[in-house]
Amino acid sequence: MTAANDPQPPKTSLLRASGTVSFMTLISRISGFIRDIVVTRLFGADAATDAFYVAFRIPNFFRRLSAEGSFTQAFIPVLSEYRQRGDAAALRDLISHVTGVLGGILLIFTTLGIAAAPLVILIFAPGVKEPELATHMLRITFPYLFFISLVALAGGIMNSFRHFAVAALTPVWLNICMIGGALWLSRYMDPPIMSQAWAALIAGIVQLLFQVPFLTRMNMLPRPRWRWSHEGVQKILRLMMPSLFGSSVMQINLLIDTIAASLLAAGSITWLYLADRMVEFPLGIFGIAIATVILPSLSDKHAARDAAAFSRNLDWALRLTLLIGIPACLGLALLAEPLMTVLFQNGKFDPHDALMSAYALIAYAFGLPAFMLTKILAPGFYARQDTRTPVYIGIIAMVTKLLMLAASIPLLLHYRIQEAHAALALATSLSAWQQSWMLFRRLHKEAAYNPASQWGRFSLQLLIAAATLIALLWVITPDSKVWDVWPFWQRGLALGALVSGGGLVYFLALWLSGVRFAHFRDHH
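Worth saying up front: this structure is predicted, and the values here are computed from it rather than measured.

K.L.:
Which residues make up the overall build of the protein chain, and what are the values?
P.N.:
Within the protein chain one finds 20 helices and 0 strands. A globule of 524 residues ought to have a C-alpha radius of gyration of about 24 Å, and the protein chain, at 23 Å, matches this closely. Judged by the C-alpha coordinates and their principal axes, the protein chain covers about 65 × 60 × 40 Å. When each of the 524 residues of the protein chain is scored for burial, the buried share is 58%. For the protein chain, the share of sequence-separated contacts (at least 6 apart) that also reach a separation of at least 24 residues comes to 86%. Looking at the protein chain as shown, the accessible area adds up to about 21400 Å², and 67% of this sits on carbon and sulfur atoms. The averaged location of the 27 negative side-chain charges in the protein chain is 8 Å from the averaged location of its 40 positive side-chain charges.

K.L.:
So, the environment of Leu-94: which residues are in play, and what are the values?
P.N.:
Relative to the assigned elements, Leu-94 resides in helix 3 (residues 88–115). You can call Leu-94 buried: its relative accessible area is 0%. In this structure the C-alpha to C-alpha distance between Leu-94 and Val-78, which are 16 residues apart in sequence, comes to 9.5 Å. When residues no more than four places from it in sequence are discounted, the contact partners of Leu-94 are Val-78, Leu-79, Tyr-82, His-230, Gly-232, Val-233 and Ile-236.

K.L.:
Break down helix 15 (residues 351–382) for me, citing the residues and quoting the values.
P.N.:
Taking 1.5 Å of rise per residue, the 32 residues of helix 15 would be expected to cover 46 Å, and the 44 Å separating its terminal C-alpha atoms lies within 8% of that figure. Within helix 15, the axis deviates most sharply at Gly-367, by approximately 45°, and proline Pro-369 lies no more than four positions further along. Taking burial as the measure, the 32 residues of helix 15 include 25 buried ones, the bulk of the element.

K.L.:
Explain the confidence of the model for the protein chain to me, using residue names and the numbers behind them.
P.N.:
For the protein chain, the average pLDDT comes to 84, and 91% of its residues sit at 70 or higher. At the level of individual helices and strands, the protein chain shows its lowest average pLDDT in helix 11 (residues 249–261), which scores 68, and its highest in helix 18 (residues 455–476), which scores 94. Low pLDDT, under 50, characterises residues 1–6; the stretch is placed with 10 contacts to residues that sit more than four places away or in other chains.

K.L.:
Quick one: what's the story with the packing of aromatic side chains, residue by residue and with numbers?
P.N.:
To describe a pair of aromatic rings, one takes the distance between the centres and the angle between the planes. Here the structure, examined in full by the defined rule, presents 21 aromatic pairs. Aromatic side chains Trp-173 and Phe-210 sit 5.8 Å apart centroid to centroid with 55° between the ring planes, which places their arrangement in the tilted category. With a gap of 37 residues between them, Trp-173 in helix 8 (residues 172–183) and Phe-210 in helix 9 (residues 194–217) connect regions that are remote in the sequence. Under the relative-accessibility criterion, Trp-173 is labelled partly exposed at 31%. Pairwise contacts between aromatic rings join Phe-52, Tyr-53, Phe-56, Tyr-144 and Tyr-273 into one cluster.

K.L.:
Mind laying out a nonpolar patch on the surface, listing which residues take part and the relevant values?
P.N.:
A surface patch of nonpolar side chains, about 460 Å² in accessible area, is lined by Leu-42, Leu-183, Trp-184 and Tyr-188. Within the secondary structure layout, Tyr-188 lies in the loop between helix 8 and helix 9.

K.L.:
Before we move on, could you go through the environment of Ala-197 and cite the residues and values that matter?
P.N.:
Tracing the sequence through the fold places Ala-197 in helix 9. Along the chain, Ala-197 and Gly-181 lie 16 residues apart, while their C-alpha atoms are 8.8 Å from each other. Look past the residues within four positions of Ala-197 in its chain and what remains in contact with it is Phe-52, Met-137, Ile-140 and Thr-141.

K.L.:
Outline unusual backbone geometry, supporting the account with residue identities and numerical values.
P.N.:
For the bond running from Asp-190 to Pro-191, omega is 0°, close enough to zero to count as cis. For Arg-305, which is not glycine, the phi torsion reads 60° and is therefore positive. Position of Arg-305 among the secondary structure elements: in the loop between helix 12 (268–303) and helix 13 (307–334). For Arg-305, a relative accessible area of 79% corresponds to the exposed category. Although it is not a glycine, Ala-447 sits at a positive phi angle of roughly 60°.

K.L.:
So what about the packing of helix 6 (residues 144–160) against helix 9? Which residues, and what values?
P.N.:
Pairs of packed helices are described in terms of their axes, by the angle between the two and the distance that separates them. For the pair helix 6 and helix 9, the least separation of the axes is 8 Å and the interaxial angle reads 25°. Viewed along their axes, helix 6 and helix 9 adopt a mutual orientation that is roughly parallel. Both helix 6 and helix 9 take part in a crossing whose hand is left-handed. Taking contact as the criterion, the partners of Tyr-144, Phe-147, Ile-148, Leu-150, Val-151, Ala-154, Gly-155, Ile-157 and Met-158 in helix 6 are, on helix 9, Ala-200, Leu-201, Gly-204, Ile-205, Gln-207, Leu-208, Gln-211, Phe-214 and Leu-215. Here the residues of the contact of helix 6 with helix 9 sort into 14 nonpolar, 4 polar and no charged.

Conventions used here
Residues numbered from 1 in each chain as written. Predicted model: local features only at pLDDT ≥ 70, side-chain atom pairs only at ≥ 80, totals over all residues. Heavy atoms only, no water. Helix = DSSP H or I, 4+ residues; strand = E, 2+ residues; numbered from the N terminus. Rg over C-alpha atoms; globule rule 2.2 N^0.38 Å. Buried < 20%, exposed > 50% of the residue type's maximum accessible area, 1.4 Å probe, protein only. Contact = heavy atoms within 4.5 Å. Areas by Shrake-Rupley, 256 points an atom, 1.4 Å probe, with all protein chains shown as cover. Lys, Arg positive; Asp, Glu negative; His and termini not counted. Charge placed at Lys NZ, Arg CZ, Asp CG, Glu CD. Expected span 1.5 Å × (residues − 1). Bend = angle between axes of the 7 residues up to and from the residue. pLDDT = per-residue confidence, 0-100. Phe/Tyr/Trp six-rings, centres within 6.5 Å; stacked < 30°, edge-to-face > 60°. Patch = residues over 30% accessible without salt bridge, like charges linked within 9 Å, V, L, I, M, F, W, Y side chains within 5 Å. Salt bridge = Lys/Arg side-chain N within 4 Å of Asp/Glu carboxyl O. Axes fitted to C-alpha atoms, helices over the stretch in contact; angles between N-to-C directions. Parallel < 35°, antiparallel > 145°, perpendicular 65-115°, else oblique. Left-handed = near helix turned anticlockwise from the far one by under 90°. Nonpolar A, V, L, I, M, F, W, Y, C, P; charged D, E, K, R; others polar.

The structure is reproduced here in C-alpha cells:
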C-alpha cells in the first residue's frame, strides 16, 4: 500500500535501517572529504579561507540548531502521533501547515540575517581577520538556511516513514556543488574563495529540488499553508522552543570555538574546521545514522505505551554506538597526524597546517564517543515529548565549557602557545562527556531506560578489543617524520594499511572475546 492509503510505515530491522543510512552517509562523507581536499589545496589556510568558514558555519549553525535539531526532534514524535490515528488526510494536512509556518518563519529570519550581516559577523567572529569579506560572503550564504531547513523538513517526513536513503544521500549535492565551485567558478571570482559562498547557495536549492520527486511518489508533497493556530503546529512549536538551545549544545560549542579561534593565530578556524570534519565522518556514518532511525522507533514505542520495547531499543543503540565509537576515537587520535598529512597536506596547506590540525583532531577525538552517545540518548527524551530536560542538561554543559575557556584562553594568549586552538576542542570534548553522562543518569532515574544484564561482559569485551587496537597502532605506526618525505602514493598506502589492519584486528578481538553480529540484529 502507498502512504496515501496507509499512513503506517513498514516494519524494518533497526540494524538494516541503520546500515542503509550509514552507507548513504558514507557516500556523502567521502564526497565531503574530496571537497575538503580540493578546497584546502586550492585555497590553503589563511585569513580569506577563515572568512569563508565563518560565513558558512553561521547558517549551518542555525540549520543544525533549529531545522536538524529542535524542529526534527519535535516534528517526528508529533508526526508519529498523527500517524497512529490512521488518518492519511489529517497527516498530510499537518505536513502542509507545518511547511507553511516553517517556511514563513525562515523567510523572515533569512531576510533579517542578510540585512544584519555585519552585526552577525561581529557577534559570531569578532576577531576574524577579513570582516568585510566575511560579511559579503555571509549575505550570499545566509539564504542557504532557508533552503536547507526545508530539506530537513522533507527528510523528517521520509525518515518518519522509514524511507531513510534519500535524506541521507541528499548532502552529496552540497559537496558536488562546492567542488564544482572550487574547480570552475573560482576562476571568475575575486577573491577565488568567494566561489564557495555561491556554491553553497546553489547547493541548497539543488538539494531541495532533489527531494521533491520522492515526496511526490509518497503522496506526501506539502502544499504550504499558513495557519499558526493549527493544533499540530502549536504542539510542535511548544516542544521545539525549549530545545532550541538544549538539543544542539555541540553546535553551540563549535560556534564558541569559532569565536575564540578568531582571536588566535590566522588559520586556527580552518584547523579546527578540518579536525571537526574528520570527527564528523564516524559521527555521521554511525552516530547520526543510528540516531536517525532510533527516534522514529522510540516515538512509535512511546505512542504505543510499550516501555519495555522502548528501553530495549535504546539499549541496542547504546551498545552498537560504543562498539563503533571506541575504535573510531582511538583511530582518529593515534593516527591524527598521518590522516591530516595524507588527506590535506599539499599546495597551500603545508606541514605546519597539518600538524596544527592534528592537535585539534586529537582533542576532538577524545570526545567522539560522548558526541555519539549524546545523539543516541537525547532521542530518549524527545520521543517522550520531553524537550525541557535536555535544555537543563545542555545549559550545565555549556556553562562548564565557558568556565574552562575563561580559565584557559587568557593564559594561552599571554604565553602565545601556538597549539592554543586545541584547548578549544578539548573543552568541547569534556563538556560533551558531562552532557552524555547526565542524559544517561536522568533516563535511568526516570526508568525510561534500564540497562540490560549483559553490560558487564560487553564492557570487558570492548576493553580487550580497544587495548589490542592501541597496542597494534602504537607498535606499527611509522614515525611522524617519514610521512612528510614519503610520496603521496606511499603515504596513502601506509595509512590505508593502518586503518584497515587496525579495524580488522579490533573486530577480530571482539569476535574472539565472544561478540557476535546476531547480538545486534533482531530489533524493530
